[in-house]
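Spelled out from the first residue to the last, the chains are:
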Amino acid sequence: MLKVQNISLSVQVDGAWVQAVRDVSFTLQQGRVLALVGESGCGKSLTAQALLRLGEHQGVRRDHGDVLLRGESIFAFDRERLRRMRGGQVAMVFQEPMTALNPVFTIESQMVDVIRNHLPLGKREARARALKLLADVELDEPEQLLGRYPGELSGGMRQRVLIAMALSADAEVLVADEPTTALDVSVQKKILALLRSLQRSRNLALLLVTHDFGVVAEMADEVAVMYAGEIVEQAEVHALFDHPAHPYTQALMACRPDRAARGEALPMIGGQVPSPGSWPKGCHFADRCPRADAACRAQAVALSEGEHRVRCIHPLEGS
């Protein structure tokens, strides 16, 4: 469905361009879920937004690489083709439901506008489609809901509306960027279950951006772990959980709250993710890695080939 080939992105900081994503590649396949995992500041959201060419007029630049949608480069699309692609073929659910909807327009106004931008429907037909979409995302009393403003809805209800809007033109690829951020735990589980149900029923290719390995275990078919702008490990979900090969992946998994002993402090990874522009010459994780040696710091480390790919000179045993 969609293929990312060695994409590198830079952001503008104080008038200078600084690389924030380097040579990232992955494929989204129909009917499968790829989870993009890592700490804040690793470049996950920037990578996800590149799939729709978002941010390129707001201080984000593509240095090289490509994104192919059914074999076509999205960077060759003109303005009209790009507009039709966004929402029509590739849709996005953003991470902040409290601000993603326009507070001064009703739900009906916003949904009908999105639907009519992509489908040749009149207002009455678009409204009927909006009602069905709200029912599809399991919102009660959709007729009443259409007349409400975003401020009258809970965070979970807003996120369901955003999911309905994202799927309103039958997109084939869905990008969900931390879709449960700022939601209560009980609501998070319902939103994730809804996404999984819709992904399966519509046979979507889903890119799920998250920092939560619990979510990965429930949702993903395949996992790509990002650190400091690079993918450091990529594998099928069961292979990665059974045999994490990169020390960063193992450290992330050890930080899960359910791994901590009762009454003890939660495990943590010492140090911080290096900022773009401050990446070390060699392995980006070397300064935080207990296995690092001089060879790790000497030069950039390539991502290995095969079904279980790892960017490490000293991968963990059993991987």
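Residues numbered from 1 in each chain as written. Predicted model: local features only at pLDDT ≥ 70, side-chain atom pairs only at ≥ 80, totals over all residues. Heavy atoms only, no water.

This brings us to the pairing of strand S9 (residues 222-227). Counted residue by residue, S9 has six buried out of six residues, so it is predominantly covered. On S9, burial covers both faces: Glu222, Ala224 and Met226 on one face and Val223, Val225 and Tyr227 on the other are all buried. Looking at chain direction, strand S3 (residues 33-37) and S9 are connected through four bridges and run parallel. For Leu34, the partnering residue across the bridge sits in S9 and is Glu222. The sheet contact formed by S9 and strand S10 (residues 230-236) spans six bridges and is antiparallel. Paired with Tyr227 across the bridge in S10 is Glu230. The antiparallel pairing of S9 with S10 creates a hairpin that spans two residues between the two strands, and Ala228 there sits at a positive phi of about 50 degrees. (Buried < 20%, exposed > 50% of the residue type's maximum accessible area, 1.4 Å probe, protein only. Helix = DSSP H or I, 4+ residues; strand = E, 2+ residues; numbered from the N terminus. Pairing = 2+ DSSP bridges.)

Read from one edge of the open sheet, four strands run S2-S1-S4-S5, paired in antiparallel fashion. Both outer strands of the open sheet, strand S2 (16-28) and strand S5 (72-73), are each paired with one neighbouring strand and no more. Two strands pair when backbone bridges link them, and strand S1 (residues 2-13) and S2 are joined in this way by nine bridges, in the antiparallel orientation. Note that in S2 the partner of Gln12 across the bridge is Trp17.

Let's shift gears to helix H10 (residues 247-254). Every α-helix carries 3.6 residues per turn, so stepping three or four residues along brings you back to the same face. The buried fraction of H10 is high, at six of eight residues. By the burial criterion, the buried members of H10 are Pro247, Tyr248, Thr249, Ala251, Leu252 and Met253. Each element contacted by the buried residues of H10 is listed here: S3, helix H8 (213-219), S9, S10 and helix H9 (237-242). (Contact = heavy atoms within 4.5 Å.)

It is worth spelling out the pattern of salt bridges at this point. If you walk through the whole model with that rule in mind, you get 19 salt bridges. Note that Asp63 is salt-bridged to Arg61, the shortest N-O span being 3.0 Å. By relative accessible area, which is 29% here, Asp63 ends up partly exposed. In this structure Arg61 comes out as partly exposed when scored by relative accessible area, which is 34%. (Salt bridge = Lys/Arg side-chain N within 4 Å of Asp/Glu carboxyl O.)

Looking at the largest pocket, its volume works out to about 610 Å³. Arg86, Gly87, Phe94, Val114 and His118 are the residues nearest the centre of the largest pocket, which is lined by 20 residues in total. Broken down by class, the residue content of the lining of the largest pocket amounts to 12 nonpolar, five polar and three charged. Looking at the second largest pocket, its volume works out to about 270 Å³. (1 Å grid on protein atoms, 1.4 Å probe; cavity = no way out; pocket = protein on both sides within 12 Å on 5 of 7 lines; lining within 4 Å. Points joined across faces, edges and corners; volume = space filled by probe spheres on them. Nonpolar A, V, L, I, M, F, W, Y, C, P; charged D, E, K, R; others polar.)

This part is about empty space enclosed by the protein. Counting across every chain of the model gives three cavities of 30 Å³ or more. Put simply, the largest cavity is a space of about 70 Å³. Every residue along the wall of the largest cavity is listed here: His246, Cys283, Ala286, Cys289, Arg291, Ala292, Cys296, Val301, Cys312, Ile313 and His314. Per-class residue counts for the lining of the largest cavity are eight nonpolar, two polar and one charged. Here the second largest cavity is characterised by a volume of approximately 50 Å³. Lining the second largest cavity are Thr27, Leu28, Gln29, Arg32, Val33, Leu34 and Glu222. For the lining of the second largest cavity, the secondary structure elements donating two or more residues are S2 and S3. Looking at the lining of the second largest cavity residue by residue, the classes come out as three nonpolar, two polar and two charged.

Given a rise of 1.5 Å per residue, 12 residues ought to cover 16 Å, and the 16 Å separating the end C-alpha atoms of helix H6 (residues 155-166) matches this to within 8%. What H6 keeps buried is the set Gly155, Gly156, Arg158, Gln159, Arg160, Val161, Leu162, Ile163, Ala164, Met165 and Ala166. (Expected span 1.5 Å × (residues − 1).)

A few words now on the environment of Val90. Along the chain, Val90 falls in strand S6 (residues 90-93). Placed 107 residues apart in sequence, Val90 and Ser197 show a C-alpha to C-alpha distance of 18 Å. Among residues more than four places away in sequence, those in contact with Val90 are Leu2, Leu51, Leu52, Leu69, Met85, Ala171, Val173 and Val175.

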